[in-house]
Every structure is written in C-alpha cells, then in structure tokens.
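# Coordinates in review
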Amino acid sequence: MGTITTAGTRHDWTLEEIESIYTAPLLELVFQAQQVHREHHRPNEVQGCILLSIKTGGCPEDCAYCSQSAHYHTGLEREELLSVEETLSAARRARAQGATRFCMGAAWRSVPRGAAFDRVLEMVRGVRDLGMEACCTLGMLTDDQAEALAQAGLSAYNHNLDTSPEFYGEIITTRTYQDRLDTLARVRRAGITVCCGGIVGMGEDRAARYGLLQQLAALDPHPESVPVNLLMRVAGTPLGEQAPLDLLELVRTIATARILMPSSMVRLSAGRVSLSEETQALCFLAGANSVFLGDKLLTTPNPGQDADGRLFDRLGLRLTHGPADAGH
Ligand code: SAM
Ligand code: DTB
Ligand code: SF4
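Residues numbered from 1 in each chain as written. Chains lettered and ligands numbered in written order. Predicted model: local features only at pLDDT ≥ 70, side-chain atom pairs only at ≥ 80, totals over all residues. Heavy atoms only, no water.

## What to know about the overall build of the protein chain
Counted only if it meets this: Under the scheme used here, helices are H or I runs from DSSP no shorter than 4 residues and strands are E runs no shorter than 2 residues, and both carry numbers assigned from the N terminus. Exposure is judged per residue with a 1.4 Å probe applied to protein chains only, and the accessible area is read against the type maximum: over 50% gives exposed, under 20% gives buried, and values in between give partly exposed. To be clear on the numbers: accessible area is Shrake-Rupley with a 1.4 Å probe, and residue cover counts the displayed protein chains and nothing else. In this tally Asp and Glu are treated as negative and Lys and Arg as positive; neither His nor the chain ends contributes. The location of each charge is read from NZ of Lys, CZ of Arg, CG of Asp or CD of Glu.
For the protein chain, the count of helices and strands is 11 helices and 10 strands. Every one of the 328 residues in the protein chain was classed for burial, and the buried ones make up 56%. Looking at the protein chain as shown, the accessible area adds up to about 13700 Å², and 50% of this sits on carbon and sulfur atoms. Taken as two groups, the 30 positive and 40 negative side-chain charges of the protein chain have centres that lie 4 Å from each other.

Quick look at the structure:
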C-alpha cells in the first residue's frame, strides 16, 4: 500500500483504491491529505456556516437518524414554515457571528408548490441581499423548482447521499438512492452548486464509507461542498442508542474525502459537540475547512460562539471573510 497516489481530479476511483487510501498509516494519510489541502485551499482558514430549520418536524420520510421524522417519537415540537422576516433576522445574526453561508433546512420529503415555495424563494433572495451564500436543503425537487431557486440566486443545494448504496436500505426505506441522485442531477443542471455528503457512526462498516466516498467522487463535477456528519444520536430514533464511533474513523473519512475531491469544501458538520478540540484539530489537518457555527444545528446542539472562539484562538484558525462565493 505505502504511497498514496493523488495526482489529478478523478471520478473513477475504485473501491480498492479508496480502501488503500483510507487504511494507510494514519500519519501518512493525514500528511497526504494536508498536502492536497494546501495545493487547493488556504491553510489556517475555515468557512463558518450557520443553519436554520425553517420548517421543523413531521417529515414523512423514515431516515433512521432523524429527529424530524414523523415515524419516531423524539419529543420534537413541529413548527410550520417560518416567516421571511424571522429567517432574515436569523441570517443577519449569523452574519454578525462571522458566517458567510446561511443554510436553510426544511423537513419536507419534496418541495411543495405554491405559497410555501414562493416564501422560500423570497428567503433566498433576502439572504443573497445580505451578501451571504445561501444554501437550502428541502428534499426532492422538480426541474422547475431547481430553476426557480437558481433564478432567486441560490448558491448551493444540500442533498446528502448519507451512506453507500448497499447500506442505504438499512437507514431509509421511503426513498431510493436513485431518487437522491436524480435530485442532485436536477440541481446541477439548474446551475446551482452541489452540497452532498453523508453521515458516519450509524453502525456502517468501513466498506460503506468507501462506497459513499466512491459515489461522491463519481459525481462529475465533484460536489463543491461535502459535509461529513458524525451521527447525532437522537433518543427515540432507531439510531438513538448507536455505539459511539472510533473518532479516528471520522478523521480517516475526512482525509480520504480531501484526497479524492481536492477542490471541494469539506465540512466538519454535525457532531462537533462530541469532539475534543484536539480531535477537531486533527479533522482540520485532514482537510476539513468549514464548520457550522452557533449553538444549534437544525434541531440538535452545536458548540456555540464561546467554545468556537476558544477553539479558533487555540488553533490559530481564522474564519473566511467575505465577499462570499464570488462566482457562485
Ligand atoms: N429533509 C431534507 C433532506 O433530508 O434532504 C433536508 C434536511 S436533513 C435534516 C439534512 C441532512 O442532515 C440529512 O441528509 C443528514 O445527512 C443530516 N442529518 C440529519 N439528522 C442527522 C443526525 N441526527 N446526525 C447527523 N446528521 C444528520
Ligand atoms: C448536513 O450535511 N448537515 C447539516 C446540513 N447538511 C443541513 C444538518 C445536520 C443536522 C444534524 C441534526 C439536527 O440538528 O437535526
Ligand atoms: Fe425528513 Fe430530511 Fe429528516 Fe429524512 S433527514 S426524515 S428527509 S427531514
């Protein structure tokens, strides 16, 4: 196995190649990932994003990890679609905290037509007017809806593959892997950048992580943004009692994503509350260059401003300043 070959942007990584990268000696893997990282990104800099759940709970899908699925009793309060003003005041607070990307999530299986969608379009225009990148994650989309979001100035659409095609059915039964790929293709055709990643720590084996990474890297072009989430265990969901993951598996997943997709933003997403500052440092060394700021993700906790202020000071990291996403 020895040396890791990293040359060029590829979409045809075999599972064997991915395995040999992922299982290299940890220090070799992290070193190679950091080298790739420095060829494509500014070291010591991370982008801050902030999430807002604009429509919470009551989702008809059965994603086994999710607090918002109507299939499980998680004690989460449902909330109807927020108003444009509520959303934009959260976006202004996000900007004041140093975020350059504002991500709006809705617990929908697919985007509804009519007034609710028009309101989302207005939110997107409002966030763009604040000079921030705007990202939405709203479930499945039609071509027309993707086009309308693009017209409103949406910078990115988040739609995760979550895991490998083989393991997917253990986690979600109400839609298929192909449904996800179809939506991703619509987003790409509309000219919106793609944010697509997955979750580790759901009880998957390494092969499932190789399979996810292979699928992500097969997207052509690569997703501009690859969120790597560590499962947030939510009581009442089928994964609420899942055994904790060896956190070096998260580091290996990030490093392998960085090597396979050199230009993408790799986002250390859900799960930072479970990571020490030292483990987060290792994730940044492995090529993660973005985090969610603030004390809440969509429905679950996140470190928050004071903890992150200390973390960035301790590591000498700075947040990317605007102007956000010139060209997207
Ligand atoms: N309903 C839309 C969808 O599924 O595409 C958008 C919202 S959904 C909450 C966005 C993503 O968050 C999911 O695809 C999943 O990867 C991630 N996510 C949700 N719950 C999570 C959890 N408990 N731990 C880690 N990641 C989670
Ligand atoms: C992504 O990959 N992670 C974010 C964003 N995309 C939408 C969501 C994480 C959600 C964590 C669970 C929650 O807070 O409900
Ligand atoms: Fe619904 Fe998205 Fe949660 Fe799945 S992850 S249950 S689609 S909100």
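## Considering the site of ligand 3
Inclusion rule: Near residues are defined by distance, with any heavy atom within 4 Å of the molecule or strand qualifying the residue. Lining residues are those with an atom within 4 Å of a point, where the points come from a 1 Å grid over the protein atoms alone and group into cavities, where a 1.4 Å probe fits but cannot get out, or pockets, open sets with protein on both sides within 12 Å along at least five of seven lines. Cavity and pocket membership follows a simple rule, namely that a molecule belongs there if more than half of its atoms are within 2 Å of the grid points. Charged means Asp, Glu, Lys or Arg here, nonpolar means Ala, Val, Leu, Ile, Met, Phe, Trp, Tyr, Cys or Pro, and polar covers whatever is left, Gly included.
Around ligand 3, the neighbouring residues are C59, E61, C63, Y65, C66, S69, A107 and R175. Among the cavities detected, the one that contains ligand 3 is the largest cavity. Split into classes, the residues belonging to the shell around ligand 3 amount to 5 nonpolar, 1 polar and 2 charged.

## Regarding unusual backbone geometry
With an omega dihedral of 0°, the bond running from D220 to P221 counts as a cis peptide bond. In this structure, P221 sits in the loop between α8 (206-218) and β7 (225-230). You will see that N44, though not glycine, has its phi angle at about 70°, which is positive. Relative to the helices and strands, N44 resides in the loop between α2 (26-40) and β1 (45-55). Its identity as a non-glycine residue notwithstanding, D162 has a phi of 70°, on the positive side. Within the secondary structure, D162 is located in the loop between β4 (156-158) and α6 (165-171).

## Re the site of ligand 2
The line we're drawing: Any pair of N or O atoms that falls within 3.5 Å is considered a polar contact. Within protein, one atom must be able to donate a hydrogen and the other to accept it, and sequence-neighbouring residues count only if both atoms are side-chain atoms.
Around ligand 2 there are 13 residues in total, and N160, N229, L298, T299 and T300 lie nearest to it. At 3.0 Å, a backbone N or O of L298 approaches an oxygen atom of ligand 2. Notes on ligand 2: free accessible area 400 Å², of which the protein chains cover 87%. Judged by its atoms lying within 2 Å of the grid points, ligand 2 is housed in the largest cavity. Looking at side-chain class alone, the shell around ligand 2 contains 6 nonpolar, 7 polar and no charged residues.

## Focus: the confidence of the model for the protein chain
Threshold: Each residue carries a pLDDT score, the predictor's confidence in it, ranging from 0 to 100. Whether two residues are in contact is decided by their heavy atoms: any pair within 4.5 Å suffices.
Of the residues in the protein chain, 96% reach a pLDDT of 70 or more, and the chain-wide mean stands at 95. Confidence drops under pLDDT 50 across residues 324-328; counting only partners more than four residues distant or on other chains, this segment forms 9 contacts.

## Quick look at the layout of surface pockets
Leftover empty space is mapped by rolling, across the atoms, a probe with the size of a water molecule. Inclusion rule: Grid points are joined across faces, edges and corners, and a volume is the space filled by probe spheres set on the points.
Its volume calculated, the second largest pocket comes out at about 390 Å³. Taken together, 22 residues form the lining of the second largest pocket, with L51, L52, D295, K296 and L297 sitting closest to its centre. Residue assignment for the lining of the second largest pocket shows that the elements contributing at least two residues are β1 and α3 (84-96). By residue number, the principal contributor to the lining of the second largest pocket is β1, which donates 4 residues. Looking at the lining of the second largest pocket residue by residue, the classes come out as 10 nonpolar, 7 polar and 5 charged.

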